[in-house]
Amino acid sequence: MVAYTPSTTFILNLSAGNLNQDFGTVHIQSDSATGWVLLVRSTQGGALYHGTQPVSVPYTLTVDGLQVGSLAGGDDVTALTASTLTCPPPAGCTLPVRATALIHDLAGKPAGSYSDTLVFTLINQ
């Protein structure tokens, strides 16, 4: 089982910087004795897109403090494996998901709502 709960707000602030902000939590629970892999995919290719303007802000993602590879291709990327984290059955674990948008990527961008959708997949090995 995998369940992602996004944060209610993620504020892009040019003056304050945007390092390592809360992006939600992911709860994983696997009963596989041979391990698992947690994958993540960004439907917007690792960028937050403005709701009404044709602009975007790229970001990097971490899950439980470990940086995920590039989401730019829109493909599934390995976020964690059983070898990097143990989530004992049946309880599993809830992990922080954080994002970083660099200040120079925010410069000149219009105010407003930006969004992306993350899709997490847990694969038993």
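Keep in mind the model is a prediction, meaning the values are calculated, not measured.

Residue-level account of the pattern of salt bridges, with values.
This structure, assessed with the given rule, holds one salt bridge. The salt bridge involving Arg41 is made with Asp76; its shortest N-O contact spans 3.5 Å. Remark: Asp76 occurs in the loop between strand S7 (66-67) and strand S8 (77-81) and Arg41 occurs in strand S3 (residues 36-42); sequence separation between them is 35 residues. Residue classification places Asp76 among the partly exposed residues on the basis of a relative accessible area of 40%.

Help me get a handle on the side chain of Ser42, residues and values and all.
Examined against the element boundaries, Ser42 turns out to sit in strand S3. Judged by relative accessible area, which is 2%, Ser42 ranks as buried. Here the side chain of Ser42 touches Gly46 through a polar contact of 2.7 Å, landing on its backbone nitrogen. Here Asp116 takes part through its side chain, which lies 2.5 Å from a polar atom of the side chain of Ser42. Each residue touching Ser42, except ones within four places of it in the same chain, is listed here: Ala47, Tyr59, Leu71, Gly74, Asp116, Thr117 and Leu118.

Reading guide: rules and limits
Residues numbered from 1 in each chain as written. Predicted model: local features only at pLDDT ≥ 70, side-chain atom pairs only at ≥ 80, totals over all residues. Heavy atoms only, no water. Salt bridge = Lys/Arg side-chain N within 4 Å of Asp/Glu carboxyl O. Helix = DSSP H or I, 4+ residues; strand = E, 2+ residues; numbered from the N terminus. Buried < 20%, exposed > 50% of the residue type's maximum accessible area, 1.4 Å probe, protein only. Polar contact = N/O pair within 3.5 Å; in protein donor to acceptor, adjacent residues only side chain to side chain. Contact = heavy atoms within 4.5 Å.

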